[in-house]
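Geometric and topological summary
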Amino acid sequence: MSFTVRNFAVAGLVAMLALLPLYVFAGGNPFLLTLFTRILILAIAATSLNLIMGYGGMVSFGHAAFIGTGGYAVGILAQEGIASGFVQWPVAIAVSALIALVIGALSLRTRGVYFIMITLGLAQVLYYFASGLDRYGGDDGLTIYKRSEFFRGLNLSSKTTFYYVCFVVLLLVIALVWRLVNSRFGLVIQGSRSNDRRMQALGFPTVRYRLVCFVIAGAICGLAGALLANHTEFISPAMMHWTRSGDLIVMVVLGGLGALFGPLIGAVALLVFEESLPILIKQIGTPLIGSAAAQASEYWQIVLGPLLLLIVLFARGGIDGLLKGVRRG
Amino acid sequence: MLLLIEQILNGLQLGLLLFLLAAGLTLVFGIMDLVNLAHGSLYMIGAYFAATFAALTGSFVFGALLALGATLLVGMAVEVIAMRRLYGRDHLDHVLATFGLILFFNELVRLVWGPAGMNLAIPGWLNTSVQLLPGLQYPAYRLAIIVVALAVALFLYLVVMRTRIGMLIRAGATNREMVSALGVNIKLLYTLVFGLGAALAGLAGLMQAPILTVQIGMGENILILAFVVIIIGGIGSIRGALIAAILVGLIDTIGRSFLPDLLRLFLSSRGASAIAPAISSMLIYILMALVLVVRPRGLFPVSGR
């Protein structure tokens, strides 16, 4: 680890996330804890997307399907009276992995835009499947009355405990991705992104490697879905709407494609931006244009859209790339 | 039997509308190699323009014509301001940038027209039904959609296959460097093609507007369908888009109307009516997955790409 601005920024961000509950405990706005729990969960999902998209070059436009799968696994088990997290979470991971296996096996036959679209299409199939689950709320969704139960002393209903569970899971996931991409397996995946034909000529069955990578990403994202269902205590097909998949792509690219902490940075940036922009417009605008600013703050997405465009055009490495550009000395 | 014919006509109508959207998408993709998620926004804008202009002029046809022109201009402006900078970039960049445009257009429409949505009335002279067969009454407006869309498809075919500009479009799709090396103003051609695609999307939007309500986000679901269409048809192929669009329209409509009865043969009536809509929504995506598994580049792959 070298002492670059980027590494300081990442370390600072992680330290801040670790200390956030203390700040809230000391009298900070309790909404922050809820917001950042959500951010951590989405960062887990985005990290798994980064594994296939950033390192593997597989642009999946249906990644939210696995969030939904994990969420529904928890929701359905809870509805049927199985509240133990020791059952719920492994099931969420296993079912997501299984679905990722099917989706991956079908879509890895294609490349490029066809891959983007077939993952989107198969995610839509799951979306409509969830809407058809009449017993579990159909279109309207399902309320989960009890968060996952573990042993005594780990009570997920406590906001702080749940926050730290998400935080630890995120760190473990990032560590797992780090180990993966620096292993032989990860090198094959990255080699296949750069030049698939050459990797095949070297004798690697790249499709199989990519499929395993896709399944791992799906399983991690399923875990994120299980966490999200616990967080919102509600599941609905909207969790896997295609725009949710788009949001995940935005987080990954905003933070920095193929950067280990990029998805975390992107998730923090996007959600904090989303939450603070309306307030910002109101605060800055009120002295200038008076009460019209309050109205204008409702239309904050009109700023977000062009901002995305600008990031694509001028900051291709995302925030991570910007930080990396600033070296010490 | 009469119901089947009616549903086939409905499916044809949906398919032709999808074709109008898909034709623009596939042209833009085939020629500029650009994935444009914001195509659905142009569909929405077309509908909003039509509702506004029809209310202003008091005539559906005038309103529609003005809306077509306005959507064409919006499309060309979008190309000049944003899209032009995206050519030659990664597809992921396209997805992200045009996803941003969707957010922008949705908010813009909310800002300009308000969140409530609008209505566009069917013009009086089309608000009747026509007797096609003894016992088969079909709404004149839906028939008009079929006729207009077929005419546009024919027009598009003639433009692309029989005119000089169409020749350039086809040449650009095959080898753009060569076309620009031969002295064709490729920038202008791209702007025109994008504007044409936008106008086609706007036409689809404004024709669909009286059947559904004009609302924010109306373009998003149908955009996904249009993408399914061009994927099935083979990206860049107009012929593929037409065939796939009609296929998707028919399967979707007929699935929706007959699947509940079909399922009732195996399931309880309550269960069937619960899952039938979900299954019929899935049908076309399953069709797409099957097509791609068998032919990874669609039914009519464009050669040379």
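In what follows, the accompanying structure is described. (Residues numbered from 1 in each chain as written. Chains lettered and ligands numbered in written order. Predicted model: local features only at pLDDT ≥ 70, side-chain atom pairs only at ≥ 80, totals over all residues. Heavy atoms only, no water.)

Comments concerning the overall build of chain B
For chain B, the helix and strand inventory stands at 11 helices and 2 strands. For chain B, the α and β elements follow one another from N to C terminus as α-α-α-α-β-β-α-α-α-α-α-α-α. Scaling as 2.2 N^0.38, a compact globule of 305 residues should have a C-alpha radius of gyration of about 19 Å, and chain B matches this with 20 Å. By principal-axis analysis of the C-alpha atoms, chain B measures approximately 65 × 50 × 35 Å. For chain B, buried positions account for 53% of its 305 residues. Counting contacts in chain B only where the partners sit at least 6 residues apart, residues at least 24 apart contribute 77% of the total. When the accessible area of chain B is evaluated, it comes to approximately 12,700 Å², of which 69% is carbon and sulfur surface. A distance of 7 Å separates the average location of the 17 positive side-chain charges in chain B from that of its 10 negative side-chain charges. (Helix = DSSP H or I, 4+ residues; strand = E, 2+ residues; numbered from the N terminus. Rg over C-alpha atoms; globule rule 2.2 N^0.38 Å. Buried < 20%, exposed > 50% of the residue type's maximum accessible area, 1.4 Å probe, protein only. Contact = heavy atoms within 4.5 Å. Areas by Shrake-Rupley, 256 points an atom, 1.4 Å probe, with all protein chains shown as cover. Lys, Arg positive; Asp, Glu negative; His and termini not counted. Charge placed at Lys NZ, Arg CZ, Asp CG, Glu CD.)

Brief notes about the packing of aromatic side chains
Given two aromatic rings, one states the distance between the centres and the angle between the planes to describe the pair. According to the stated counting rule, one finds 20 aromatic pairs over all chains in the structure shown. Ring centres 6.0 Å apart and planes at 80° place the aromatic pair A:Phe66 and A:Phe214 in the edge-to-face group. On the criterion of sequence distance, the pair formed by A:Phe66 in helix H3 (residues 64-79) and A:Phe214 in helix H9 (residues 206-232) is long-range, its members being 148 residues apart. The same class applies to A:Phe66 as to A:Phe214, namely buried. Seen in terms of ring centroids, B:Phe104 and B:Phe105 are 5.6 Å apart; in terms of plane orientation they differ by 65°. Their pairing is edge-to-face. Through a chain of ring-to-ring contacts, three or more aromatic side chains come together here, namely A:Phe86, A:Trp89, A:Phe150 and A:Phe151. We note A:Arg147 situated over the ring of A:Phe162; from NZ or CZ to the ring centre the distance is 4.7 Å. (Phe/Tyr/Trp six-rings, centres within 6.5 Å; stacked < 30°, edge-to-face > 60°. Lys NZ or Arg CZ within 6 Å of the ring centre and 35° of its normal.)

A word on the packing of helix H5 (residues 140-162) of chain B against helix H8 (residues 186-208) of chain B
Residue and element names in this part refer to chain B. Where H5 contacts H8, the two axes come as close as 11 Å, and the packing angle between them is 170°. Taken as axis vectors, H5 and H8 run roughly antiparallel relative to one another. Facing H5, whose interface residues are Tyr141, Ile145, Val148, Val152 and Leu156, H8 presents Leu196, Leu200, Leu203, Leu206 and Met207. For the contact of H5 with H8, a count of residues per class yields 10 nonpolar, no polar and no charged. (Axes fitted to C-alpha atoms, helices over the stretch in contact; angles between N-to-C directions. Parallel < 35°, antiparallel > 145°, perpendicular 65-115°, else oblique. Nonpolar A, V, L, I, M, F, W, Y, C, P; charged D, E, K, R; others polar.)

Some points on the pairing of strand E2 (residues 136-139) of chain B
Residues and elements named next belong to chain B. Side chains Leu136 and Tyr138 of E2 all project onto a buried face; the interleaved residues Gln137 and Pro139 project onto a face where none is buried. With 4 bridges joining them, strand E1 (residues 129-133) and E2 adopt antiparallel strand pairing. Looking at E2, one finds that glutamine 131 is bridged to glutamine 137. Joining the antiparallel neighbours E1 and E2 is a turn of 2 residues, in which glycine 135 adopts a positive phi near 90°. (Pairing = 2+ DSSP bridges.)

Examining the interface of chain A and chain B
Contact residues are listed per partner, giving 41 residues for chain A and 45 residues for chain B. For the pair chain A and chain B, the summed buried area comes to about 4,100 Å², and 79% of that belongs to carbon and sulfur atoms. Ranking the residues of chain A by area buried against chain B places A:Tyr114, A:Trp242 and A:Tyr299 at the top, with a combined share of 17%. Where chain A packs against chain B, one counts 0 salt bridges. Connecting chain A to chain B are 5 residue pairs in polar contact (both at pLDDT 80 or more). Those elements giving two or more residues to the side of chain A that touches chain B turn out to be helix H5 (112-131), helix H10 (242-255) and helix H13 (301-314) of chain A. With 12 residues, H5(A) is the largest single contributor of residues to the side of chain A that touches chain B. (Buried area = accessible area lost by both parts, 1.4 Å probe. Salt bridge = Lys/Arg side-chain N within 4 Å of Asp/Glu carboxyl O. Polar contact = N/O pair within 3.5 Å; in protein donor to acceptor, adjacent residues only side chain to side chain.)

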